[in-house]
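This is what each chain is made of:
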Amino acid sequence: MATKPRLFIAQELRKDLEFFLTDTQAHYLCHVLRMAAGGFFLAFDGKNGEFECELSVCGKKQTSSKVLRQTRIFEKAPDIFLLFAPVKKDKTDFIIEKSTELGVSKIVPVITRRTISEKVKKERYICQAVEAAEQCRRLDVPAVEDVRTLEGVLKVWDENRLLYYMDETGNGRPAAEVFAEDAGKHLPSAVLVGPEGGFDEEELEFLRRQKYAKGVSLGKRILRAETAVAAALSCWQAICGDWK
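Residues numbered from 1 in each chain as written. Predicted model: local features only at pLDDT ≥ 70, side-chain atom pairs only at ≥ 80, totals over all residues. Heavy atoms only, no water.

Chemist: When you look at the overall build of the protein chain in this model, what are you seeing that I'm missing?
Modeler: A count of helices and strands for the protein chain gives 7 helices and 13 strands. Oriented by its inertia axes, the alpha-carbon framework of the protein chain measures out at about 60 × 35 × 30 Å. Residue burial in the protein chain is summarised as follows: out of 244 residues, 49% are buried. Contacts in the protein chain between residues at least 24 apart in sequence constitute 73% of all its contacts with a sequence separation of at least 6. In the structure as shown, the protein chain presents an accessible area of about 13,100 Å², 51% of it carried by carbon and sulfur atoms. Each charge sign in the protein chain was given a centre, from 38 positive and 37 negative side chains, and these centres are 3 Å apart. (Helix = DSSP H or I, 4+ residues; strand = E, 2+ residues; numbered from the N terminus. Buried < 20%, exposed > 50% of the residue type's maximum accessible area, 1.4 Å probe, protein only. Contact = heavy atoms within 4.5 Å. Areas by Shrake-Rupley, 256 points an atom, 1.4 Å probe, with all protein chains shown as cover. Lys, Arg positive; Asp, Glu negative; His and termini not counted. Charge placed at Lys NZ, Arg CZ, Asp CG, Glu CD.)

Chemist: What should I look at first to understand the state of the cysteines in this one?
Modeler: Structurally, a disulfide amounts to a covalent bond that connects the sulfur atoms of two cysteines. Applying the stated rule across the entire model yields 1 disulfide. Unpaired in this structure, Cys53 has its nearest cysteine sulfur neighbour in Cys30, at a distance of 14 Å. Cys127 takes part in no disulfide bond, and the closest cysteine sulfur, belonging to Cys136, lies 16 Å away. (Disulfide = S-S within 2.5 Å.)

Chemist: What exactly am I supposed to notice about unusual backbone geometry here?
Modeler: Residues other than glycine predominantly adopt negative phi, and peptide bonds predominantly adopt the trans conformation. Even without glycine at this site, Arg34 takes up a positive phi of about 55°. Along the chain, Arg34 turns up in the loop between helix H1 (23–32) and strand S3 (40–44). Non-glycine residue Arg137 carries a positive phi angle of around 70°. Along the chain, the position of Arg137 falls in the loop between helix H3 (122–136) and strand S8 (143–144).

Chemist: So what exactly am I meant to see when it comes to H1 here?
Modeler: Every α-helix carries 3.6 residues per turn, so stepping three or four residues along brings you back to the same face. For H1, the full list of buried residues reads Gln25, Ala26, Leu29 and Cys30. Projected onto a plane normal to the axis of H1, the buried residues spread over an arc of 105° and lie on a single side. Exposed side chains of H1 directed beyond 90 degrees from the buried face belong to Asp23, Thr24, His31 and Val32. Considering only its buried residues, H1 is in contact with strand S1 (6–8), S3, strand S4 (50–58) and strand S5 (63–72). Looking one or two places after H1, you find Arg34, whose phi comes out positive at around 55°. (Arc of directions from axis to C-beta.)

Shown next, in the form of structure tokens:
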């Protein structure tokens, strides 16, 4: 196999550690990939980097592995949160996957006044974030918070964290211009993307009054929520994040 499979292990890894795989992980390696004992894979724990591991036992009841060596030291993702209003299932799946690939450190689903889909399955989001992190070679997995109202999130907002909210009304400044003001400062930040219908005017007025919030425009075209997430995070990463 040209590329070793890669798994997130929810325990701290170190050289010579022996550990058991979950049933899902064991099924993936032993049955989907048909890996036998003696096969190699990569593992990361979100704290200590990435390690090469050997599949020791591929059994029906338990599947065990051993850490052989460290392949990459730990590197933390940029301090950027994503706040988004849940949309339809497949579009929300896209948001979780792409925001993980684009390096967010935390994912926060928020209910706004115009949110259409309020069905939030946190465990599903976590599984999608883990899978995306495994595939894109991240060394950590973004935290996924419980769904809350936007009002509730902003009521306890840390004012030291900048909040860039996507303003489709034409009142926001160009994204590249706004992000460039903060480039090189390494400030805790967050991107807020509203629902398909956009933010309610009262929500926008509240955001405009906050010293920590900056309205951002993503151009003349109205983007779908999932497109806006990918566009905003890509722009932020290119100017303020770890793409430089």
